[in-house]
Amino acid sequence: MSKAVRPKARESADILIVNAKELLTLADAQAGPRTGKQMRELGIIRDGALAIREGRIVGVGTTREVSRLFRAGYVINAQGKTVLPGFVDPHTHLVFAGSREDEFQMRVEGASIMEISDSGGGILTTVKETRRARVEALVDLGLERLDAMLTHGTTTAEAKSGYGLTTSDELKILEATKRLNQLHSVNVVSTLMGVNVVPPEFSGNPDAYVDLVVGEMIPKVTAKGLAEFCDVSCEKGMFSLEQAKRVLVKGKAYGLKPKVHADQTGRLGGAEVAADIGAVSAEHLIFSSVQGMRAMASKGVVAVLLPAVAFTLMTGKYADARSMIDNDVPVALGTGFDAGCWVENQQLVIAMACRIMHMTPAEAITAATVNAAYAVNRGGEVGTLEVGKRADVLVLGVPNHRFLGYRFGVNLVDKVIKNGRLVVDREKQDEPIFMSKTE
Ligand SMILES: [Zn+2]
């Protein structure tokens, strides 16, 4: 009697996702953000499957390959659906109090930013309200916004301070950000942006305010370990290139990685400064020059484009994503969520990027996942579906990736898996299940 060949026992996993019409791995042999034609390579597996154990991806391949190697008590049938990495939102001003819908209506009716600030509106309204708010209130507001982000597929979000503009108020915002990261299943990446606008107390004297930021704010924030990045707003009539550089150099000396808000309202040369200083990313970039783009490309600075912010400004002017991709700048997409541009939904941003900036759906997906992850220094951890990466995974109720961009205005998310746990299941219940990381 011949010896039967016993099949190898299958490894156990916590969750298996099987039968996906398209599984977008975004995998690439080369690490780093994607540029040029690479941005169209989604690493698609048809009839794809994924195995998840202890918060990590342990297997990826076709359903046949993965089910031969793994078994799990919980199996998600993704038949007819698209599976991809959770979105990373690399640019938000998550923590603020109040709202500015009055100003929105004034803008719709044709008021200029100047007229709005003369009537007491604009960003300083948000500063006033945020200064008045207690940290607990800011945490509650932040939790609601993170719920909305997670429901729409964002599993990692950056959060910039900058509505406090005094050392104690900036510390308060960053404390709230830290608590949000601990309480909510979305990972929150913290950025100090003390140099956001000139506070009213320093009106006409931005140099003196920059002195405060470099002399007191950066040392105190870093002593408490409350930020990973330092961002500056480098715009005409706000802070000069020299002032921005001073802050970023000081931040770097204290271990904060630089980011720059650049060329949003005019061509000041923020893209060049970002390249010069070795920034991780430059953001907005509506008026950036081709030289600025080439400088960014040569240093691998990620361009974080924010079409929803440009849409909100209603000037009809958008960043030149096509030139950036042609010049090998790694392009990422973010919401730019703040009190002036209240949008938590990266799917909508993808639709805008396709329709207004002529990015293909594949490029926009790359920009909102892997490239966005590199824009917040998480490229080794999230943004692709590869063995070893954190299991932040979306199941969309559409048959292929082009529906992102094509079908817009509704939430395409069926399920969100965060750190290997099913945290949103829109097929099962109306309300998302939100679990703290510590549970
Ligand atoms: Zn911003």
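To be clear, the structure that these remarks concern was listed above.
Residues numbered from 1 in each chain as written. Predicted model: local features only at pLDDT ≥ 70, side-chain atom pairs only at ≥ 80, totals over all residues. Heavy atoms only, no water.

Engineer: Looking at this model, I keep getting lost on the state of the cysteines. Mind explaining?
Structural biologist: The term disulfide refers to a covalent linkage connecting the sulfur atoms of a pair of cysteines. Scanning the entire structure with this criterion turns up zero disulfides. Here cysteine 230 is not disulfide-linked; the sulfur of cysteine 234 is the nearest cysteine sulfur, at 12 Å. Its relative accessible area of 1% is what places cysteine 230 among the buried residues. In this structure cysteine 354 is not part of a disulfide, and its nearest cysteine sulfur, from cysteine 341, lies 17 Å away. (Disulfide = S-S within 2.5 Å. Buried < 20%, exposed > 50% of the residue type's maximum accessible area, 1.4 Å probe, protein only.)

Engineer: Hey, could you run me through the pattern of salt bridges in this one?
Structural biologist: Opposite charge on two side chains lets them pair, provided their charged atoms get close. Within the structure shown, the criterion is met by 28 salt bridges. Here lysine 389 and glutamate 386 are joined by a salt bridge, their closest N and O atoms 3.7 Å apart. The exposure class of lysine 389 is buried, given its relative accessible area of 8%. Glutamate 386 gets classed as partly exposed once you look at its relative accessible area, which sits at 22%. (Salt bridge = Lys/Arg side-chain N within 4 Å of Asp/Glu carboxyl O.)

Engineer: Would you mind going over the packing of helix α4 (residues 123–132) against helix α6 (residues 167–183) with me for this structure?
Structural biologist: In a pair of packed helices, the angle between the axes and the distance between the axes together describe the arrangement. Following both chains from N to C, one finds α4 and α6 inclined at 75°, their axes separated by 10 Å at the closest point. Considering their axes alone, α4 and α6 lie roughly perpendicular with respect to each other. Judged by residue contacts, Thr130, Arg131 and Arg132 of α4 engage Asp169, Lys172 and Ile173 from α6. Residue composition of the contact of α4 with α6, grouped by class: one nonpolar, one polar and four charged. (Axes fitted to C-alpha atoms, helices over the stretch in contact; angles between N-to-C directions. Helix = DSSP H or I, 4+ residues; strand = E, 2+ residues; numbered from the N terminus. Parallel < 35°, antiparallel > 145°, perpendicular 65-115°, else oblique. Contact = heavy atoms within 4.5 Å. Nonpolar A, V, L, I, M, F, W, Y, C, P; charged D, E, K, R; others polar.)

Engineer: When you look at the environment of threonine 125 in this model, what are you seeing that I'm missing?
Structural biologist: Mapped onto the secondary structure, threonine 125 falls in helix α4. Distance in space between the C-alpha atoms of threonine 125 and methionine 324 is 35 Å, their sequence separation being 199 residues. The residues touching threonine 125, leaving out its near neighbours within four places in the chain, are Arg100 and Gly120.

Engineer: What's the story with the coordination of the zinc ion in this structure? I'm lost.
Structural biologist: Coordination of the zinc ion by the protein involves His91 (NE2), His93 (NE2) and His261 (NE2), with metal-donor separations of 2.1 Å. By relative accessible area, histidine 91 is classed as buried at 1%. (Donors = N, O, S within 2.8 Å, 3.2 Å for Na, K, Ca; no water.)

Engineer: Which parts of the structure should I look at to understand α6?
Structural biologist: The end-to-end C-alpha separation of α6 is 24 Å, in line with the 24 Å expected for 17 residues at 1.5 Å each. By the burial criterion, the buried members of α6 are Thr167, Asp169, Glu170, Leu171, Lys172, Ile173, Leu174, Ala176, Thr177 and Leu180. (Expected span 1.5 Å × (residues − 1).)

Engineer: Explain the nonpolar core here, please?
Structural biologist: Nonpolar side chains in soluble globular proteins tend to end up buried together. In this structure, Leu305, Leu333 and Met359 are the most contacted members of the largest nonpolar core, which totals 115 residues. A total of seven residues in this core trace back to one element, the largest contributor, which is helix α7 (residues 206–223). With near-sequence residues (within four places) excluded, methionine 359 lies in contact with Met39, Ala321, Arg322, Ile325, Val331, Leu333, Ala353, Cys354, Ala364 and Ala367. If you look at the next biggest cluster of nonpolar residues, it comprises 17 residues, including Ile15, Ala20, Ala78 and Leu422. (Core = buried A, V, L, I, M, F, W, Y, C linked by side-chain atoms within 4.5 Å.)

Engineer: Can you help me understand the sheet that holds strand β9 (residues 229–234) in this one?
Structural biologist: Pairing between the strands of a sheet is mediated by backbone hydrogen bonds and can be parallel or antiparallel. The strand order β6-β7-β8-β9-β10-β11-β12-β13 describes an open sheet built from eight strands, whose pairing is parallel. For this open sheet the edge positions go to β6 (87–89) and β13 (331–333), each flanked by a neighbour on one side alone. Within this sheet the neighbouring strands show an average axis-to-axis angle of 25°, counted without direction. Of the pairings in the sheet, the one linking strand β8 (residues 187–195) to β9 comprises three bridges and is parallel in character. Within the sheet, the bridge partner assigned to valine 195 lies in β9 and is valine 232. (Pairing = 2+ DSSP bridges.)

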